[in-house]
Amino acid sequence: MAFIRKRRQEQQQLYSKERFSLLLLNLEEYYFEQHTANYIFNKDGRERRKIRGSLKICSKSVIFEPDEISHPIIKIPLRDCIKIEAPEDSDTNDFYAGALPGQISILSNQAFLTKEQNVIAPFKMERGKTEYLFQLDVAGKVDDVLHTLHQLYRASHLDKLGDQAAMITAILQSRLARTPFDKNRFQNVSETLHMECKAEMVTPLVTNPGLVCITDANLYFQPLNGYPKPVVQVMLHSVRRIYKRRHGLLPLGLEVFCTENNLCSDIYLKFYNTQDRDNAYFFMATYLENHVTEHTAESYMLQWQRGHISNYQYLLHLNNLADRSCNDLSQYPVFPWIIADYYSSELDLTKPETFRDLSKPVGALNKERLERLLIRYREMPEPKFMYGSHYSSPGYVLFYLVRVAPEYMLCLQNGKFDHPDRMFNSIAETWKNCLDGATDFKELIPEFYENDSSFLLNCLKLDLGKTQGGKIVDNVELPPWASDADDFLQKSQDALESQYVSEHLHEWIDLVFGYKQKGNEAIAAQNVFHPLTYEGGVDLNSIMDPDERVALLTQILEFGQTPKQLFTIPHPRRIIPKFKSFPRASSHDFSMPESPGEESFEDLTEESITLAWNHMTRLKIDGQHKIHRGAITGIAVPYSSNQSSIFTTSQDSTLKMFSAESKMLQRSISFSNMALSSCLILPGDTTVVCSSWDNNIYFYSIAFARRQDTLMGHDDAVSKICWHNDRLYSASWDSTVKVWQCIPADLLGTKKRFELLAELEHDVSVNTINLNAAYTLLASGTKEGSISIWDVTTASILHQLPCHSGTVSDAAFSPDSRHLLSTGEDGYFKVTDVQTGMIISSMRSEEPQRCFKWDGNTILSGSQSGELLVWDIVGGKIVERIAGHSGTVTCMWMNERCSSIITGGEDRQIMFWKQQY
């Protein structure tokens, strides 16, 4: 996982030459400066001895790091100090006899020793009044160092935490104001400076103050203390993603990535005000060369639904968008417990009982415990909460990672490991405690579904103690079905990508990132945590009392935070492929399952359709003909003609029949003096149906070359018609869609008769309609931009959505009927999830797209300028522009195998297209 990789990277690149790290500081403590010095002490009370090293001045402590690893690092808390002075100024102690310039003495009641022989272990404590004597290499710095130490000493001895924090902040800001950015650090003298401000670099549990500088080529961070190096540089041309973050529930963070699919960022900055953060984001975004356009949660949802990304990848993306970061342990990425069976010898992923109920939070999985919690909840005064602890917090993250990040645990727990019985000793015991424990509701972290099993093994040979039963805490005990740690992770990955989880993961997403996270839905789902854990739960800027503010901030950082809410309506289910199971593959290299070996005609048809869409970018014009005197509005081709006859309608009020073989116009029919708006051919290839602006629908007999019926069905122009199974669907500017049952002439012995079955009412004019492949759903788009989805079997409306600002030009269901794509006058493509009515993707084009065809993943659209555009809807981008008409592309026809395309335009032409393989 990113946290482990980042830690190893830091150890290799930054900390290899020294034992000191910011993790030796207390939470919310700053490291100000260091000085080369000797530690002088009396050996056996007689002989003086010097130990070479560096003296580090921090906001709450003084730390001495010896050069020799055999000696421990000494940490002296300033709150435990009695006196700090230069010994040459004192004549009261024999210890200072013969004191040399550059010496500083510290009298303290307590100190901590750590990393003796460079071994990571709990801190040793030195109690009792002890004097520590240090001699700086540069004697002239003693007065400045003493001045700083006296200031920090006074701050540490103030009674109130708020006053302490305020004084330390004032000292820090004063230092930052006096320390200009060293522009000699610029990589190039020609770089143009755009911004400089104060900020802090955030790493897990600690922050490092300094200066941010942004040029047209680089982002620089200059730490106030020169640690871990004088300047951290990120080249803007290498940046792939940048995110605004909230830190401590405030909008102050900015995280920068030079990778596309990794949670390991290159730098995380916390600014002192939102304006500086937003300015930094603006300047960086302005000069990025390879910036990856970030997808929305809805866009990732579409990719996940359609199988383009795995369950694991989708959860990582959601965590990222919800402000979860590996640099912020209070907002570490959260993953669900998936498996509920940790006792069987074999793991059966085909049995539902193998899995945890993903529709419930961890706290609600045990019915008896939940009843006790609900009794307390009902008796609790406002603000109420069901669970006294969170499902993700710094303590829980380090509970899982203590074997690979022991220094972080020591930092969080004041130099101690947890009691051996409370440590992460067993997968099964941890799961059992999450089910039964009175205060344990924690979920998992991404490492459980990764490939690095080191967090389950005591590779560092840490002394983690013995349990009460006398068992040494070593590697984590695995379930019987796992042969080793790697096998455990592989089977956990298999479980996460299993069919059961794919079918139910949306339920857990609703709880953690979705509509059941807050409000009445959260109460109904028994998913209510402490108010301080939610975004907007408290406004720190409005709290004037410094003590209350510090206490709240500490509680927020240590208790854990609920992810930012990404969805406010139910999350749709995943589209499960019609195949036996998901493959056993790495969650990082997820691919759709292979189809069964038995090939059918349907399989070959699907294969040819897939091939056609894969080559949609290779369309070439195969002929063009100007056959109308007005814009073409509709194209229809008989099912059995193999494109030999093409029927078209136009605003010139005519229906025309064109021979593709002879390239000649064969017929021209006029029904009225008003524009025809669309056409279709009925099954059997004997009748063409045309809709008209004169409120009528006309039926034209191909065999007899004459009009055979007229349906006067609307009070305004008929804009679009559809047909299925002797039913005609007509949309009109009179704000209705009408469903007609056709009684064929051979049953009546006379002309066809149409019986009105249903009238689908709208508030405004309907401009377009379309049926899904199963002919059970109808989508209608209006002139005011709304989309309605109807169940035509019951004539009832399922969703009415304000999708576009302006007329809806076209709308069509995906082949599997899970999604509806629409485009409008506003230039947007919108993808709507049919089940939930959620708009899950939105793409903006430079100009309106009037018509399109799509296969659920790729769109071929006709633009206002006359181009055909090929879109990758999952990637949210145009992949090909194909020159076509000299005016707007107004209509498009595509054969069943998607291999043959005809377009019509405002330039009065029809164009034939073929694919070049």
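Residues numbered from 1 in each chain as written. Predicted model: local features only at pLDDT ≥ 70, side-chain atom pairs only at ≥ 80, totals over all residues. Heavy atoms only, no water.

Q: Please explain the side chain of Thr-832 as it appears in this structure.
A: Note that Thr-832 resides in strand β34 (residues 828-833). Owing to a relative accessible area of 0%, Thr-832 belongs among the buried residues under this scheme. Not counting residues within four places of it along the chain, the set of residues in contact with Thr-832 comprises Ile-789, Leu-801, Cys-803, Arg-818, His-819, Leu-820, Gly-837, Met-838 and Ile-839. (Helix = DSSP H or I, 4+ residues; strand = E, 2+ residues; numbered from the N terminus. Buried < 20%, exposed > 50% of the residue type's maximum accessible area, 1.4 Å probe, protein only. Contact = heavy atoms within 4.5 Å.)

Q: What's the story with the pattern of salt bridges in this structure? I'm lost.
A: Side-chain pairs of opposite charge can arise whenever the charged atoms involved come near each other. Under the definition given, this model contains 25 salt bridges. One salt bridge in this structure joins Lys-124 and Glu-116, with 3.6 Å as the shortest N-O distance. One salt bridge in this structure joins Lys-183 and Glu-196, with 3.3 Å as the shortest N-O distance. Linking Lys-183 in the loop between α3 (161-177) and β8 (193-203) with Glu-196 in strand β8, this pair joins segments that are 13 residues apart in sequence. Residue class for Lys-183 comes out partly exposed when judged on its relative accessible area of 40%. What makes Glu-196 partly exposed here is its relative accessible area of 35%. (Salt bridge = Lys/Arg side-chain N within 4 Å of Asp/Glu carboxyl O.)

Q: Can you walk me through the sheet that holds strand β21 (residues 687-692) in this structure?
A: Paired through backbone hydrogen bonds, the strands of a sheet run either parallel or antiparallel to each other. On the basis of which strands lie adjacent, the open sheet formed by 4 strands has the order β20-β21-β22-β23 and antiparallel pairing. Two strands close off the open sheet at either side, each with one partner strand: β20 (676-681) and β23 (706-712). Adjacent strand axes in the sheet meet at a mean angle of 20° when their direction is disregarded. Pairing analysis gives 5 bridges linking β20 to β21, with the strands arranged antiparallel. Residue pairing in the sheet places Leu-680 in a bridge with Val-689 of β21. (Pairing = 2+ DSSP bridges. Axes fitted to C-alpha atoms, helices over the stretch in contact; angles between N-to-C directions.)

Q: What exactly am I supposed to notice about the pairing of β20 here?
A: A regular strand places its side chains on the two faces of the sheet in alternate fashion. Among the 6 residues that make up β20, 6 are buried, leaving the element largely enclosed by the rest of the structure. In this antiparallel pair of consecutive strands, β20 and β21, the connection spans 5 residues, and Gly-684 shows a positive phi of 100°.

Q: In this structure, what is going on with the confidence of the model for the protein chain? I would like to understand it.
A: The predicted coordinates ought not to be read in detail in places where the model reports low pLDDT. A residue-level look at the protein chain finds 91% of positions with pLDDT of 70 or above and a mean pLDDT of 89. Of the regions scoring below 50 in pLDDT, residues 578-604 engages in 48 contacts with residues more than four places distant in sequence or in other chains. (pLDDT = per-residue confidence, 0-100.)

Q: Please explain the packing of aromatic side chains as it appears in this structure.
A: For any pair of aromatic rings, geometry is given as the distance between the ring centres together with the angle between the planes. According to the stated counting rule, one finds 41 aromatic pairs in the structure shown. On the numbers, 4.9 Å between centres and 15° between planes, the contact of Trp-304 with Tyr-314 is stacked. Of this pair, Trp-304 sits in helix α5 (residues 297-305) while Tyr-314 sits in helix α6 (residues 311-321), and the two are 10 residues apart along the sequence. The exposure class assigned to Trp-304 is buried, which follows from its relative accessible area of 0%. On the basis of relative accessibility, which here comes to 0%, the residue Tyr-314 falls in the buried class. (Phe/Tyr/Trp six-rings, centres within 6.5 Å; stacked < 30°, edge-to-face > 60°.)

Q: What should I look at first to understand the packing of α5 against α6 in this one?
A: Any two packed helices are characterised by the angle at which their axes cross and by the distance between the axes. Remark: α5 packs on α6, axes separated minimally by 10 Å, with the N-to-C direction vectors making an angle of 175°. As summarised for this structure, α5 and α6 are arranged roughly antiparallel, according to the angle between their axes. Of the residues in α6, those in contact with Ala-297, Tyr-300, Met-301 and Trp-304 of α5 are Asn-311, Tyr-314, His-317, Leu-318 and Leu-321. (Parallel < 35°, antiparallel > 145°, perpendicular 65-115°, else oblique.)

Q: How should the sheet that holds strand β30 (residues 786-791) be read in this particular structure?
A: Read across the sheet, 4 strands follow the order β28-β29-β30-β31 without closing on themselves; strand pairing throughout is antiparallel. The sheet is open, and its two borders are formed by β28 (766-771) and β31 (796-802), each paired with just one other strand. When the angles between neighbouring strand axes are averaged without regard to direction, this sheet yields 20°. Taken together, the 5 bridges between β28 and strand β29 (residues 777-782) define a ladder with antiparallel strand orientation. In the sheet register, Leu-771 faces β29, and the bridge partner there is Leu-778.

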